[in-house]
Amino acid sequence: MVARNAFPFIVVGGAWEIVAHLGVFPPRLFPSLETVAVTFVQLTAKGILPHHAFDTLVRLLVGFALAAIAGVAIGIAMGRIRAAEDCLLPLVSICAPIPGIAYAPLFLLWFGLGNISAVILVGFVSAFPIIFNTWTGVKAVKEIWVRSAQAMGADQRRLFVKVILPGALPYILTGMRLGLAQAWRILVGVEMLAAVPWGLGWLIFGAREFLDTDVMLSGIVVIAVIGLALEKLVFQRLETFTVVRWGMMT
């Protein structure tokens with residue numbers, strides 16, 4: 001399993017090294033992996049990279065938490081209440097396809113520069129995939145499950161907790177994964193615009209001004225590592241303890 005997972009990275013890394021040493025691009029624009037590794041270690045040892053990563057991670061988690069709470073609540077309401085679906089579905093359908101970065105100037109004008117606008121924008125943009133998938137999951141719960149629970153005397157609260165929510169959970173987790181990806185994209189972009197003092201997006205954007213490609217790649221590596229850690233340590237474990245254990249996923 002380790003070899004199978006490592007193989008794509010070895011192939012990409014080998015191709016990168018070949019291109020870097022052939023001199024197809026200037027070394028400053030296409031540094032070797034050794035150069036990126038040295039820069040990564042230096043920035044980490046000085047505390048610069050951890051500081052940027054910590055600030056970005058805080059904004060990401062706060063914004064995504066807001067999106068998860070609001071998105072799941074709205075999606076469940078749309079799936080269970082016909083009036084909510086009729087009112088909210090057209091609005092969500094119109095707003096969701098708009099690129100998140102297009103909302104950035106409005107949010108910066110409304111909430112000002114800094115962390116507040118970044119967090120609210122992350123929550124707003126990443127909520128749409130969660131809403132859509134939660135709504136789909138609630139609508140996809142098998143009718144026979146609902147009727148069986150009702151036939152056994154389940155009230156509305158027990159029906160929701162024991163049938164609707166577990167049945168929709170695979171969709172909800174998928175929506176959260178998509179929402180987290182959206183949150184990363186908009187956060188890195190808005191950090192370049194919101195005049196925040198620290199953050200991986202700010203680091204990457206600032207490094208571009210001085211053609212420090214190795215610094216830019218170091219920031220990108222941190223984003224990838226944090227994303228992988230959230231996937232392995234949060235989402236996969238949550239799936240294992242819920243839908244996999246229940247036999248709903250393999």
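A quick note: this is a predicted structure, and the numbers were derived from the prediction, not measured.

Participant: Explain the packing of aromatic side chains here, please?
Facilitator: In this description, an aromatic ring pair is defined by two values, namely the gap between the centres and the angle between the planes. By the definition in use, this model includes 9 aromatic pairs. Look at W16 and F30: their rings are 4.2 Å apart centre to centre, the planes differ by 25°, and that puts the pair in the stacked class. In this pair, W16 is assigned in helix α1 (residues 2–22) and F30 in the loop between α1 and α2 (33–45), connecting sequence segments 14 residues apart. Since its relative accessible area comes to 24%, W16 is described here as partly exposed. Here F30 falls in the buried class, since its relative accessible area comes to 17%. Centroid distance F107 to F124: 5.4 Å. Interplanar angle 45°. Geometry classified as tilted.

Participant: Looking at this structure, I do not really get the side chain of D55. What am I missing?
Facilitator: Within the secondary structure, D55 sits in helix α3 (residues 48–80). Ignoring sequence-local partners within four residues, the contact set of D55 consists of W198 and G199.

Participant: I would appreciate a short explanation of the pattern of salt bridges in the present structure.
Facilitator: When the charged atoms of two side chains with opposite charge come close together, those side chains can pair. Scanning the entire structure with this criterion turns up 6 salt bridges. Via salt bridges that share partners, D55, R59 and E191 belong to a single interconnected network.

Participant: Help me out: how do you make sense of the environment of A96 in this one?
Facilitator: Relative to the assigned elements, A96 resides in the loop between α4 (82–95) and α5 (100–111). Sequence-wise, A96 and F124 are 28 residues apart; in three dimensions their C-alpha atoms are separated by 9.8 Å. Residues contacting A96, with those up to four places away along its chain left out, are F128 and F132.

Reading guide: rules and limits
Residues numbered from 1 in each chain as written. Predicted model: local features only at pLDDT ≥ 70, side-chain atom pairs only at ≥ 80, totals over all residues. Heavy atoms only, no water. Phe/Tyr/Trp six-rings, centres within 6.5 Å; stacked < 30°, edge-to-face > 60°. Helix = DSSP H or I, 4+ residues; strand = E, 2+ residues; numbered from the N terminus. Buried < 20%, exposed > 50% of the residue type's maximum accessible area, 1.4 Å probe, protein only. Contact = heavy atoms within 4.5 Å. Salt bridge = Lys/Arg side-chain N within 4 Å of Asp/Glu carboxyl O.

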